[in-house]
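Working through the structure, step by step
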Number of protein chains: 4
Amino acid sequence: MPEQDEAERNAVDRGAADPGVALIVGAGPGFSGSVARKLAARGMSIALASRKPKPQEAEAIAARSYAFDAGDAAATARLFAEVERDLGPPSFVMYNPSARVRAPLVDLVADDVERAIRVTAFGGFLVAQEAVKRMLPLGGGRILLTGATASVKGMPQSAAFAMGKFALRGLAQSMARELQPQGIHTLHVVIDGAIASPARTPASPDAHLDPDAIADAALAALDLPRSAWSWEIEVRPWVERF
Amino acid sequence: MPEQDEAERNAVDRGAADPGVALIVGAGPGFSGSVARKLAARGMSIALASRKPKPQEAEAIAARSYAFDAGDAAATARLFAEVERDLGPPSFVMYNPSARVRAPLVDLVADDVERAIRVTAFGGFLVAQEAVKRMLPLGGGRILLTGATASVKGMPQSAAFAMGKFALRGLAQSMARELQPQGIHTLHVVIDGAIASPARTPASPDAHLDPDAIADAALAALDLPRSAWSWEIEVRPWVERF
Amino acid sequence: MPEQDEAERNAVDRGAADPGVALIVGAGPGFSGSVARKLAARGMSIALASRKPKPQEAEAIAARSYAFDAGDAAATARLFAEVERDLGPPSFVMYNPSARVRAPLVDLVADDVERAIRVTAFGGFLVAQEAVKRMLPLGGGRILLTGATASVKGMPQSAAFAMGKFALRGLAQSMARELQPQGIHTLHVVIDGAIASPARTPASPDAHLDPDAIADAALAALDLPRSAWSWEIEVRPWVERF
Amino acid sequence: MPEQDEAERNAVDRGAADPGVALIVGAGPGFSGSVARKLAARGMSIALASRKPKPQEAEAIAARSYAFDAGDAAATARLFAEVERDLGPPSFVMYNPSARVRAPLVDLVADDVERAIRVTAFGGFLVAQEAVKRMLPLGGGRILLTGATASVKGMPQSAAFAMGKFALRGLAQSMARELQPQGIHTLHVVIDGAIASPARTPASPDAHLDPDAIADAALAALDLPRSAWSWEIEVRPWVERF
């Protein structure tokens, strides 16, 4: 595998002080954007992948942006090859995309359900696999997977989203058990509630999660040494029932 | 939907005393075979669907057998249409198929992972949806989904299976919440251990689950009145760590 | 230990066909009364222990009744000695008592909290220990512990009840792991909802759990062979959020 | 309640810039000592309560130390009165003590089990209640409860410890739900593994949790704004099975 040789070379060339490369898949304005900004502020080189790249937001943190369709194996391989060529192998990879369909079970369209699972979970596998291939030669890395209430609760009229998010959680737990000994930290963040956004005008500042706070929670967990890793954290505002 | 009108007619024609029709998808010699035999002994008309139907086993319980590929939407619709035409709308439907791939994350083949999710979870959705469409006009029904250790634990080298089984569990929980008010009982059985089979010669009779015992556990749960439904039960021999 | 010798003698004298002795601690009109009636109908000799014995209810199922204060070590030893002397060593023991205090955390009275934990959980330990001492020489037995929503969810203004019920669940899980190899089946039943009773007049028959249904669920689980034991089941009416 | 008036006065006198008072109950050399040092480094005034105070360790972080028996209501009230008098009302309180007994269920001594529950869980309630009484007038606060593997898994020969730790977790969850709206953050840390200590000479640095890392994890979670609070985090080295 020539990529891995190159990866090792890059790791050596950059030296220990290089804060490295972070790839944010499903980059948007909320939690993922916050993670990207915070990693940029730490000096990491940032790659943003999303269906519709927003060059201005990338520019603000000196990031490169890539057009990307989640859930496609060839597109995933291509994305990692490009990021590696442009910035080097990522030691931090976040998978954020999801697709949901809200309807009573009998009204769900099979193709929509298939797509919800593919974008939400299968795409996470594809990205995680490419990430791990590059992290193993680096001697470790961090992988962040975005969960939701639906990761741990299958709600009415939400079967498609629950299937995707439960599956992503199964991936996260399997990766945590398999890869912690190899120095790769997988973290699944269950965001149990709605994330604040400019589009929302909540009645109370307590009602919606601050994306920066979720990012702080995730990065704090991912900063810990290997003897005290969590594979999952859960965050919620008090208005949520759990 | 003409099927539903017919279903209602069938329900009326058969009267309250008719024990009804059970469809076992992924019929094999273990847990599913045991459920089929026990339902046949209660007088239900049995339909067995599997990739390679075994006419002799079907004959032993006077069942009809159907060739069926799990995870295919058109095949699923066809199966239910045929069962309904031959026996009437099923009031008991079990989904048992699963596919697994065992390998380190980096060695998994994307197509195998996609297939594992499709057979294990997406096929369960397709079958459950066709089942619910027919159970709503009947005023209720029972849906049994087969879980495994991998439904609640993502193990190393088992990401693909965990994704499928976690997703199926998410489906089950969503269905339980959505459909219990409509009289449809969804039960997810976490079989935490290996099932005894003639092919296995265990060191101890304690080491493997007796398929008849799992079937008894599942049917006992599904026999309960609506005020005391479980959406999940877990069974294991003591040799399993949990 | 002379009790155990006697227990063994009793076991031999009664022969394999004897359905044995069941001790119901915290016997009342709901779930525990239902379990008692169903075990009596199977031919078991029934001992009912409660703070205020109700002779008429005991008579209806030919049971002996014992006055008993849950949570007291000496009283527990005495109860088992009396039951053993009167009926023989119990092979089925149920622990049902609980005490709760409902108040904001700051308003709870320490003695009430101590009592809630003692009656709900510590008393369960005392009874389970006496039970297991007698079941080991019998070669096995069944122990049923009554859980509630509070066993798995600590709710506001319910810290005392949550502490007791969480603790009882910890006992159940530890016993299940330790004693399943010795043939003792511990079952913890999470009753997630209100139990129907003559005193309640629910708006809907769906709103309250039928005590007979919970008893059926528990006994069905406890009737299974050892290779397919559950240590916990959960039952709820659909009106409950979970 | 004169304490609360005094508390309010103290809060006002100290001003917003005062980092406040932290009370560490069950102060020792491991996780709790690490939390104490890190809070001292932030400028907080530290009170250390333990059965056998170690003046040297207290001196190193300019802390006051208090002799204290966990699980005693009068002693708990006295401790808080003294801390309040000496330093002011604590806005950060940690409860760390636990007692365990390791034995087969039938060999457990009732008094030891009672004590395990009292020290591990009931003492946590007593401390939490005194803490909350003082935090409500302060407009908020942080409460840290130490969990273990036994908080979520009842293991063989460990019923007493499981009962205590499960109960403490029930308390934590109830407090989280009840008090998050009032600005009090309750965090339960499940430490799933053995903590490194000078007394231990582990075969691998991966085998034992670094107490500083657990403290970092806990403080990072407790530093988050209210819209993204966790009530529980779990940390473990990879050698632990989960």
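Counting starts from 1 at the beginning of each chain's written sequence and moves along it residue by residue. Chain A is the first chain written and ligand 1 is the first ligand written, with later ones labelled in order. Predicted model: local features are reported for residues with pLDDT of at least 70 only, side-chain atom pairs are reported and counted for 80 or more only, and whole-chain, interface and lining totals are derived from all residues. The side-chain quantities take in all heavy atoms of the structure and omit both hydrogens and water.

To continue, consider unusual backbone geometry. Residue and element names in this part refer to chain C. For Ala 62, which is not a glycine, the phi torsion comes out positive at approximately 55 degrees. Put simply, DSSP H or I for four residues or longer makes a helix, DSSP E for two residues or longer makes a strand, and each gets a number counted from the N terminus. Inspection of the secondary structure puts Ala 62 in the loop between helix H3 (55-60) and strand S3 (64-67). Of the residues examined, Ala 62 reaches a relative accessible area of 67% and is grouped as exposed. Exposure categories follow from relative accessible area, calculated using a 1.4 Å probe and restricted to protein chains: below 20% of the type maximum is buried, above 50% is exposed, and the middle band is partly exposed.

Screw-axis analysis of chain D against chain C gives a translation of 0.0 Å along the axis, an RMSD of 0.0 Å, and a rotation angle of 180 degrees. Interpreted geometrically, this transformation is the action of a two-fold axis. Every residue of chain D has its C-alpha some distance from the rotation axis, and the shortest such distance is that of Ala 167 of chain D, at 2.3 Å. The contact criterion used throughout is that any non-hydrogen atoms of two residues lie within 4.5 Å. Comparing contact sets, 100% of the residues at the interface of chain D also lie at the interface in chain C, consistent with an isologous, same-surface contact. Superposing copies: least-squares fit, C-alpha atoms only, residues required to have pLDDT of at least 70 in both.

The next thing to look at is the interface of chain A and chain B. As a measure of interface size, the accessible area lost when the parts come together is often cited. Across the contact, 41 residues belong to chain A and 41 residues belong to chain B. Here the buried area means the combined drop in accessible surface, using a 1.4 Å probe, for two parts upon being joined, counting both sides. Across the chain A to chain B interface the summed buried area is about 3200 Å²; carbon plus sulfur atoms make up 72%. The rule for a salt bridge is simple: a side-chain nitrogen of Lys or Arg has to be within 4 Å of a carboxyl oxygen of Asp or Glu. Seen at the junction of chain A and chain B, the total is zero salt bridges. Whenever a nitrogen or oxygen atom comes within 3.5 Å of another N or O atom, the pair is scored as a polar contact, on the condition that within protein one atom can donate a hydrogen and the other can accept it, and that pairs from neighbouring residues in sequence are kept only if both atoms are in side chains. Counting across the interface, chain A meets chain B through 18 residue pairs in polar contact (both at pLDDT 80 or more). Elements that contribute at least two residues to the side of chain A that touches chain B include exactly helix H5 (110-138) and helix H6 (159-179) of chain A. It is H6 of chain A that provides the largest number of residues to the side of chain A that touches chain B, a total of 14 residues.

Listed per partner, the contact involves 41 residues of chain D and 41 residues of chain C. Interface of chain D and chain C: buried area, both sides summed, is about 3200 Å²; carbon and sulfur atoms make up 72% of it. At the surface where chain D touches chain C, the tally comes to zero salt bridges. Between the two partners, chain D and chain C, sit 18 residue pairs in polar contact (both at pLDDT 80 or more). For the side of chain D that touches chain C, the secondary-structure elements that each account for two or more residues are helix H5 (110-138) and helix H6 (159-179) of chain D. Counting residues per element, the side of chain D that touches chain C draws most heavily on H6 of chain D, at 14 residues. Residue polarity follows a fixed list, in which Ala, Val, Leu, Ile, Met, Phe, Trp, Tyr, Cys and Pro are nonpolar, Asp, Glu, Lys and Arg are charged, and the others, Gly among them, are polar. Residue composition of the side of chain D that touches chain C, grouped by class: 27 nonpolar, seven polar and seven charged.

Take a positive patch on the surface next. Residues and elements named next belong to chain A. Patches draw on residues past 30% relative accessible area with no salt bridge. Two like charges within 9 Å are joined, as are two nonpolar side chains (Val, Leu, Ile, Met, Phe, Trp, Tyr) within 5 Å. Computed with a 1.4 Å probe, the accessible areas rest on the Shrake-Rupley method; for each residue, only the protein chains presented here act as cover. The charged-residue count follows a simple rule in which Lys and Arg add positive charge and Asp and Glu add negative charge, with His and chain termini not counted at all. Throughout, a charge is located at the NZ atom of Lys, the CZ atom of Arg, the CG atom of Asp or the CD atom of Glu. On the surface, Arg 51, Lys 52, Lys 54 and Arg 115 cluster together to form a positively charged patch. Within the secondary structure, Arg 115 sits in helix H5. Assessed through its relative accessible area of 38%, Arg 115 is described here as partly exposed.

Before going further, it helps to examine the environment of Phe 242 of chain D. In this structure, Phe 242 of chain D sits in the segment after strand S7 (232-235). In this structure Phe 242 of chain D comes out as buried when scored by relative accessible area, which is 17%. Sequence-wise, Phe 242 of chain D and Ala 215 of chain D are 27 residues apart; in three dimensions their C-alpha atoms are separated by 21 Å. In this structure, Phe 242 of chain D is in contact with Gln 173, Arg 177 and Trp 231 of chain A, Lys 153 of chain B together with Lys 153, Asp 192 and Arg 236 of chain D, ignoring residues within four places of it in sequence.

All names here are of chain A. Looking at chain A, the pLDDT average stands at 92 and 90% of residues meet or exceed 70. Every residue in residues 1-15 is under pLDDT 50, and counting partners more than four places away or in other chains gives 14 contacts. For this predicted complex, the interface score ipTM comes out at 0.92, while the overall pTM is 0.93. Every residue is assigned a pLDDT by the predictor, reflecting its confidence on a scale from 0 to 100.

This brings us to the relation of the copies chain A and chain B. Least-squares fitting of chain A to chain B yields an RMSD of 0.0 Å, with the transformation described by 0.0 Å of translation along the axis and a rotation of 180 degrees. Looking at the interface residues of chain A, 100% of them are also at the interface in chain B, so both copies use one shared face.

Residues and elements named next belong to chain C. With 29 residues, helix H5 (residues 110-138) should cover 42 Å at 1.5 Å per step; its first-to-last C-alpha distance of 41 Å lies within 8% of that length. The angle between axes fitted to the seven-residue stretch ending at a residue and the seven-residue stretch beginning at it gives the bend at that residue. The sharpest bend along H5 comes to roughly 40 degrees, located at Arg 118. Phi for Gly 139, located one or two positions after H5, is positive at around 85 degrees. In this analysis, the expected span of each helix is defined as 1.5 Å times one less than the number of residues it contains.

Here we come to the environment of Leu 171 of chain A. Mapped onto the elements, Leu 171 of chain A comes out in helix H6. A relative accessible area of 0% places Leu 171 of chain A in the buried class. Placed 35 residues apart in sequence, Leu 171 of chain A and Asp 206 of chain A show a C-alpha to C-alpha distance of 31 Å. Not counting residues up to four positions away in its chain, the partners in contact with Leu 171 of chain A are Gly 124 and Phe 125 of chain A together with Leu 105, Ala 159 and Met 163 of chain B.

Two aromatic rings from Phe, Tyr or Trp, using only the six-membered ring of Trp, form a pair when their centres are within 6.5 Å; if the ring planes differ by under 30 degrees the pair is stacked, by over 60 it is edge-to-face, and anything between is tilted. Considering all chains together, one arrives at four aromatic pairs over all chains under this definition. Only Lys NZ and Arg CZ are tested; either one counts as a charge over a ring when it is within 6 Å of the ring centre and within 35 degrees of the ring normal. In this arrangement the basic side chain of Arg 177 of chain B is found over the ring face of Phe 242 of chain C, its NZ or CZ atom lying 3.8 Å from the centre. In this structure, Arg 100 of chain D packs its charged tip against the face of Phe 161 of chain D, placed 4.0 Å from the ring centre.

So, about the side chain of Ser 32 of chain A. Residue and element names in this part refer to chain A. Along the polypeptide, Ser 32 turns up in helix H2 (residues 31-41). In terms of polar contacts, Ser 32 uses its side chain to reach the backbone carbonyl oxygen of Gly 26, at 3.3 Å. Setting aside residues up to four positions removed in sequence, Ser 32 forms contacts with Ile 24, Gly 26, Ala 27, Met 94 and Asn 96.

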